[in-house]
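Results of the structural survey
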Amino acid sequence: MQDWKEKYASYIDKQQSSPTDQEPASGSKLTGELKTDLPDLQARLGENGDLVVREFLLFGAYPAAMLFFSSLVNMEQVREHVLKPLMAPPPGKPEIPEDTGGMIHYIWSTAVQVTQGTTTADLSALPQAAVKGDLILLIDGVPEALRMEMRQIEMRGVEQPQTEQVIRGPREGYVEKLENNLSLLRYRLQSTDFRIEISPLGERTQSRVALCYIDSVTDSALVAEVMRRISLIHTDGILDAGYIEQFIEDQPLSPFPQVQSTERPDKTIAALLEGRVAILVDGSPFALIVPALFNQFFQTVDDYTERFIMGSLIRIIRLIALASSLFFPALYVSVISFNPELLPTDFAVAISGGRAGVPFPAVLEVLIMEVSMEVLREATIRLPQMIGGALSIVGVLVIGQAAVGAGLASPITVVIVALTTIGSFATPAYNAAIALRMLRFPLILLAGMFGLYGVMIGTILILNHLLFLESFGVPYMSPYIPGKWRDLKDTLVRVPLWWMRRRPSFLHVRDTDRLPRSVPSAEIDQILRQGDETDE
């Protein structure tokens, strides 16, 4: 093995040589001569520390070579299930063919213990197969190569999702390996209608992207549209599902997410059963769900695993927290600056006394505190967990007590900002919470300039933008606008599961019924029929 000094000299020599000397010809076929094909294949792969080239005598008689990357396969399995039977076939097998013409068929049917493999005579296709984790077997005198799928990469085990934790529900979350994630979906959705389309994406990374849907439920036009948008992606690398999200969303300039991301298999299955489409990427622990509507970003798994009364109450509290995180600081600034008469006299006097030593206007005071909280939150996320916890405690003490003592902020402003921050944590979807946090700042500025009129103007602009948005052809504010009784059963409140008899109509699903027509209670059935007749 070369030391680093020799590697450096070799690399400089290659860089100074002509490009035609470095690049082998493309599109050539295998010649069948091992002494020609093997050096050509090695030249196409270049020098790599984990590239293994094992030359041996096949069945003790025929020169052969095996080529693979040791970082992509399990060396023990290669040795026991491939290399060992090829070098010394066990007794009792059919006779080895005398000519090399039927050698690959003999090897595949009697020797190697591999589940998937294929043959190819195209030499230019072998380097790509090797970097994907295939074993390449070349035999002298055979103008074909045998590709055997032996890829095995160590990954972390299935753990509880970090960003979507629940009180009552499954503890399984996606991992980085695509096969594991698909197995979690297959485990929960054991249906013959479950379809998975897998294709590589990314010119250089060749990341495998899986498109999942239920054939008998999902609208075929939606599946075709998702495929069309993915097919239009031309980039050199897809390193995470977030890359695809930015390419396929309808309005990239909008702060609101139009694609839902989740790391929970059960949430993905629930979306598929409603008629949506899921996208998974090899190497990403997140799945994308389309279409995504505003209503989905404040719903959690707990809403459905708890009884409907508890689930509805918690959802309403979450909505109140969402609204307070967006409007609370702006309303505070507008009332304090322009309309203090709206407050009770004693409370207004107390606020005025608290702000007596603060030299800044209310709008600037709130902006300073909000920016400080955002900086503290971002620093806490980026730091290691142990340091981040200590920093958050110190930051809260500094911002809370020291800022008031130094006259930078009044106590009531600290309370307002603290309630706003806590309210933003109640939003389940991280990307939706970021959108609301960012929209808070222009609302505060409008409130500081125009008072309550500014808050009203900002609210109208946000609502108009939400009404303008679409996600894969579905209005973003569905099912509120256009409203329909059948679809409103799972919005502000969550009605009992046996009332949600049909799938959402705005998804144009093939199979509309989620529950069978016959229900155990005749009284409930009558109520449902009345609701359906009203819809129609």
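Structure first, text after, so check above.
Now for a look at the structure at hand. Note that this is a predicted model, so its numbers are computed, not measured.

Looking at the nonpolar core
Counting 34 residues, the largest nonpolar core has Phe256, Phe294, Tyr332, Val333, Leu466 and Tyr476 as its most contacted members. For this core, the secondary structure elements donating two or more residues are α12 (308-337), α14 (362-382), α16 (411-425), α17 (430-450) and α18 (452-468). Here the element with the most residues in this core is α17; it accounts for eight residues. Setting aside anything within four residues of it in sequence, one finds Phe256 in contact with Phe294, Ala435, Leu436, Leu439, Ile462, His465, Leu466, Leu469 and Tyr476. Counting residues in each nonpolar core, the second largest holds 26 residues, with Tyr106, Val114, Leu137 and Val142 among its members.

Notes on the pattern of salt bridges
This model, assessed by the stated rule, comprises 30 salt bridges. A salt bridge links Glu225 to Arg229, with the shortest nitrogen-to-oxygen separation between them at 2.7 Å. One end of the pair, Glu225, and the other, Arg229, are both in helix α8 (residues 220-231), four residues apart, so they sit about a helical turn from each other. The class for Glu225 is partly exposed, based on a relative accessible area of 22%. In the salt-bridge network here, residues are joined through shared partners; they are Glu370, Glu374, Arg377, Arg437 and Arg440.

Observations regarding the packing of α14 against α16
Contact geometry for α14 and α16: axes closest at 10 Å, N-to-C directions at 40 degrees. In terms of axis orientation, α14 runs oblique to α16. In terms of crossing hand, the pair formed by α14 and α16 is right-handed. Each of Glu365, Val366, Met369, Glu370, Met373 and Arg377 in α14 lies in contact with α16, whose residues at this interface are Thr413, Val414, Val417, Thr420, Thr421, Ser424 and Phe425. Among the residues forming the contact of α14 with α16, the class breakdown is six nonpolar, four polar and three charged.

Let's talk about the sheet that holds strand β5 (residues 145-149)
Across the sheet, five strands lie side by side as β1-β2-β4-β5-β3; this open sheet has antiparallel pairing. On the outer flanks of this sheet lie β1 (51-58) and β3 (117-120), each paired with one strand and no other. Within the sheet, the average angular offset between the axes of one strand and its neighbour, ignoring direction, is 20 degrees. Summarising the sheet, β3 and β5 pair through four bridges and their orientation is antiparallel. Considered in β5, the bridge of Gly117 is made with Met148. Across the face of the sheet, helix α3 (residues 34-45) comes into contact with β1, β2 (62-69) and β4 (134-139) while running at roughly 10 degrees to β2. The strands touched by helix α4 (residues 75-87) are β1, β2, β4 and β5; relative to β1, the strand with the most contacts, the crossing angle is about 25 degrees.

What about the packing of α12 against α17?
Axis separation between α12 and α17 bottoms out at 8 Å; the angle between their running directions is 20 degrees. Put simply, α12 runs roughly parallel to α17. Note that α12 runs across α17; the crossing there is right-handed. Residues Leu322, Ser325, Leu326, Phe327, Pro329, Ala330, Val333 and Ser334 of α12 touch α17, and the partners they reach there are Leu436, Leu439, Arg440, Leu443, Ile444, Ala447 and Gly448. Looking at the contact of α12 with α17, its residues break down into eleven nonpolar, three polar and one charged.

Examining unusual backbone geometry
In this chain, Val290 is followed by Pro291 through a cis amide linkage whose omega measures -10 degrees. Mapped onto the elements, Pro291 comes out in the loop between β10 (287-290) and α11 (302-305). With an omega of 5 degrees, the peptide bond running from Ser478 to Pro479 counts as cis. As for its placement among the helices and strands, Pro479 is situated in the loop between β12 (474-475) and α19 (522-535). Look at Phe59: it is not a glycine, yet its phi comes out positive at around 55 degrees. Note on placement: Phe59 falls in the loop between β1 and β2. With relative accessibility at 10%, the residue Phe59 sits in the buried group.

Some details on α12
Residues separated by three or four positions in an α-helix point in the same direction, a consequence of the helix having 3.6 residues per turn. Spanning 30 residues, α12 covers 42 Å between terminal C-alpha atoms, matching the ideal 44 Å at 1.5 Å per step. A maximum bend of about 45 degrees is found in α12 at Phe327, where proline Pro329 lies one to four positions downstream.

A short note on the sheet that holds strand β7 (residues 207-214)
Read from one edge of the open sheet, five strands run β6-β7-β9-β10-β8, paired in antiparallel fashion. In this open sheet, the two edge strands, each paired with only one partner strand, are β6 (194-201) and β8 (260-262). Along the sheet, successive strands turn relative to each other by an average axial angle of 25 degrees, direction set aside. As defined by bridge partners, strand β9 (residues 277-281) adjoins β10 across four bridges and the pair is classed as antiparallel. Paired with Leu280 across the bridge in β10 is Ala287. Contacts from helix α7 (residues 178-188) reach β6, β7 and β9, with the element oriented near 10 degrees to β7.

A closer look at α16
Under the 1.5 Å per step criterion, the end-to-end length of α16 is 22 Å for 15 residues, consistent within 8% with the ideal 21 Å. Taken together, the buried positions of α16 are occupied by Ile412, Thr413, Val414, Ile416, Val417, Thr420, Thr421, Gly423 and Ser424.

Side note on the packing of aromatic side chains
Scanning the entire structure with this criterion turns up five aromatic pairs. Plain terms: the ring middles of Phe59 and Tyr106 are 5.6 Å apart, the flat faces sit at 85 degrees to each other, and that makes the pair edge-to-face. In this pair, Phe59 is assigned in the loop between β1 and β2 and Tyr106 in helix α5 (residues 103-111), connecting sequence segments 47 residues apart. When sorted by exposure, Phe59 lands in the same class as Tyr106, which is buried. Measuring from centroid to centroid gives 6.5 Å for Phe256 and Tyr476, while their planes differ by 55 degrees, and the two rings are tilted. In this pair, Phe256 sits in the loop between α9 (241-248) and β8 while Tyr476 sits in the loop between β12 and α19, placing the two residues 220 residues apart along the sequence. On the basis of relative accessible area, Phe256 is assigned to the buried category, the value being 5%.

The rules behind these values
- Residues numbered from 1 in each chain as written.
- Predicted model: local features only at pLDDT ≥ 70, side-chain atom pairs only at ≥ 80, totals over all residues.
- Heavy atoms only, no water.
- Core = buried A, V, L, I, M, F, W, Y, C linked by side-chain atoms within 4.5 Å.
- Buried < 20%, exposed > 50% of the residue type's maximum accessible area, 1.4 Å probe, protein only.
- Helix = DSSP H or I, 4+ residues; strand = E, 2+ residues; numbered from the N terminus.
- Contact = heavy atoms within 4.5 Å.
- Salt bridge = Lys/Arg side-chain N within 4 Å of Asp/Glu carboxyl O.
- Axes fitted to C-alpha atoms, helices over the stretch in contact; angles between N-to-C directions.
- Parallel < 35°, antiparallel > 145°, perpendicular 65-115°, else oblique.
- Left-handed = near helix turned anticlockwise from the far one by under 90°.
- Nonpolar A, V, L, I, M, F, W, Y, C, P; charged D, E, K, R; others polar.
- Pairing = 2+ DSSP bridges.
- Expected span 1.5 Å × (residues − 1).
- Bend = angle between axes of the 7 residues up to and from the residue.
- Phe/Tyr/Trp six-rings, centres within 6.5 Å; stacked < 30°, edge-to-face > 60°.

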